[in-house]
Amino acid sequence: MEKIRKIGIITGGGDCSGLNAVINGITKTAVKKYALEVIGFTRGYAGLYRNDYRPLGLKTVSGIMHEGGTILKSSNKDNLFNFPVVNKEGKVEYKDVSDEAIKHLEYLGVDALIVIGGDGTLTSARDFSRKGLPVVGVPKTIDNDLPATDVTFGYNTSLETITDALDKIHTTAYSHDRVMVVEVMGRHSGWLALEGGLAGSADVILIPEIPYDINKILDKVKQRDAFGRNFTIIVVSEGAKPKDGEVTVKKHVEDSADSVRLGGVGQKLTDQLEKLIPNHEVRHTNLAYIQRGGITSQFDRALGLLFGVNAVDLLMNGGEGRMVQLRGRKITSIPLEDVVGSGEVGETSTGGGKQVDPDGQYVQAAKSIGISFAD
Ligand code: F6P
């Protein structure tokens, strides 16, 4: 491999807390330890195609550790292997523009890429790696649904937000004797609902891995009434579905690697419960995008930083084509080929990601203390 002198960073997919810590770790290590030049492409892979980038130096990344979001901006729908381009007739057609992107990199003198993203973004990273480009991946998602790492940064900050919200919802639920339905993100994995619900003392947790029976929710409300606790907190994952029903899809984003956007199950469930629970008012809160923003937690700052530092070390020590991962308390790495499994883009849209084990310790512990999964 040619000597690496200049690297490019890409942040792709939905943003999350900790991205700036990774950018900080990469840039400082690249500059201080390896005397590399660093640039950051803007708005994910789109920046690579449009030659839209900014130089990154020690000053640019100073003071960003705690900030949510990404200073490079992000996009979760720009797949350069299937990119919308306007043709001569003025019509949009989808083309593989990856070779043009590689030409841009050559023109800019960028020798290697560090790509920070979830499954869609990392699938493209693998595909660029297959074309011979030195690429190192860094896993990112609030959903905790990537099997190739124990945990990603972003997840912990989201859990803090969910826990804080549930604490706040508790006091108003108590004051008004209400049934409160709180929808959280997570796609087809119930981790955010499960761990957030446990920490926030939810009474019912509904997750994609355990389809629910609405009658069991009613039983739990009655049980709490009989016990003299006249309010009930229900945390529902956006990917949860009834035993005899389907997931609630909010919209389709056609040019995204995973086009399905979930959302709306909380409102739907609230509407149903209102008709079935005569003695309580039922209210709904969707935590939505506040789960992706805010000040980054200590855990996510530290993990993001460690991932960033290790990604550069990996790249500079012959580890191109790999992704950093957390296993136990150690940062190790794994081939990008293994990260994206069968290689199907958006494979997790059908639930192929890391999911909660219904018979596992977390669910069993929650059941032991009386939390209902309505199963
Ligand atoms: O994967 C992260 C995530 O926030 C999911 O939890 C959620 O379903 C999705 O992204 C929302 O995507 P968008 O930003 O396109 O609405």
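Up top is the structure these notes are about.
Residues numbered from 1 in each chain as written. Predicted model: local features only at pLDDT ≥ 70, side-chain atom pairs only at ≥ 80, totals over all residues. Heavy atoms only, no water.

Colleague: What exactly am I supposed to notice about the site of the ligand here?
Modeller: The local shell around the ligand consists of Asn76, Ile142, Asp143, Met185, Gly186, Arg187, Glu238, Arg261, Tyr289 and Arg292. Residue Gly186 places a main-chain N or O atom 3.3 Å away from an oxygen atom belonging to the ligand. In this structure, Arg261 approaches the ligand through a side-chain N or O atom, which is 2.5 Å from an oxygen atom. With the chains in place, 84% of the 400 Å² that the ligand exposes on its own is no longer accessible. Spatially, the ligand is embedded in the largest pocket. The residue makeup of the shell around the ligand, split by class, is three nonpolar, two polar and five charged. (Near = heavy atom within 4 Å. Polar contact = N/O pair within 3.5 Å; in protein donor to acceptor, adjacent residues only side chain to side chain. Areas by Shrake-Rupley, 256 points an atom, 1.4 Å probe, with all protein chains shown as cover. 1 Å grid on protein atoms, 1.4 Å probe; cavity = no way out; pocket = protein on both sides within 12 Å on 5 of 7 lines; lining within 4 Å. Sits in = over half its atoms within 2 Å of the grid points. Nonpolar A, V, L, I, M, F, W, Y, C, P; charged D, E, K, R; others polar.)

Colleague: How do you make sense of the pairing of strand 4 (residues 83-86) when you look at a structure like this?
Modeller: Judged by which residues are buried, strand 4 turns out to be one-sided: Phe83 and Val85 face inward and are buried, whereas Pro84 and Val86, on the alternate face, are not. As defined by bridge partners, strand 4 adjoins strand 5 (residues 92-95) across four bridges and the pair is classed as antiparallel. Bridging from a neighbouring strand, Phe83 pairs with Lys95 of strand 5. From the end of strand 4 to the start of strand 5, which pair antiparallel, there are five residues, and Gly90 there has a positive phi angle of about 80 degrees. (Buried < 20%, exposed > 50% of the residue type's maximum accessible area, 1.4 Å probe, protein only. Helix = DSSP H or I, 4+ residues; strand = E, 2+ residues; numbered from the N terminus. Pairing = 2+ DSSP bridges.)

Colleague: When you look at the layout of surface pockets in this model, what are you seeing that I'm missing?
Modeller: Space left empty within the atom packing is revealed by a probe, the size of a water molecule, rolled over the atoms. The computed volume of the largest pocket comes to approximately 780 Å³. Along the walls of the largest pocket sit 43 residues, with Gly14, Asn76, Arg187, Arg261 and Arg292 positioned nearest its centre. Among the secondary structure elements, those contributing two or more residues to the lining of the largest pocket are helix 4 (119-130), strand 8 (179-184), strand 11 (249-252) and strand 12 (260-262). Among the elements that make up the lining of the largest pocket, the one with the highest residue count is helix 4 (four residues). Its residues assigned to classes, the lining of the largest pocket shows 12 nonpolar, 16 polar and 15 charged. Viewed by domain, the lining of the largest pocket spans two of them, domain 1 (6-153 + 296-340) and domain 2 (156-293 + 357-368), each represented by three or more residues. Within this model, the second largest pocket holds a volume of roughly 200 Å³. In terms of lining residues, the second largest pocket is bounded by Gln298, Phe299, Ala302, Leu303, Leu306, Leu326, Gly328, Arg329 and Ile331. Here the residues of the lining of the second largest pocket sort into six nonpolar, two polar and one charged. (Points joined across faces, edges and corners; volume = space filled by probe spheres on them. Domains from an automatic or database assignment.)

Purely geometric numbers; function is a separate question.
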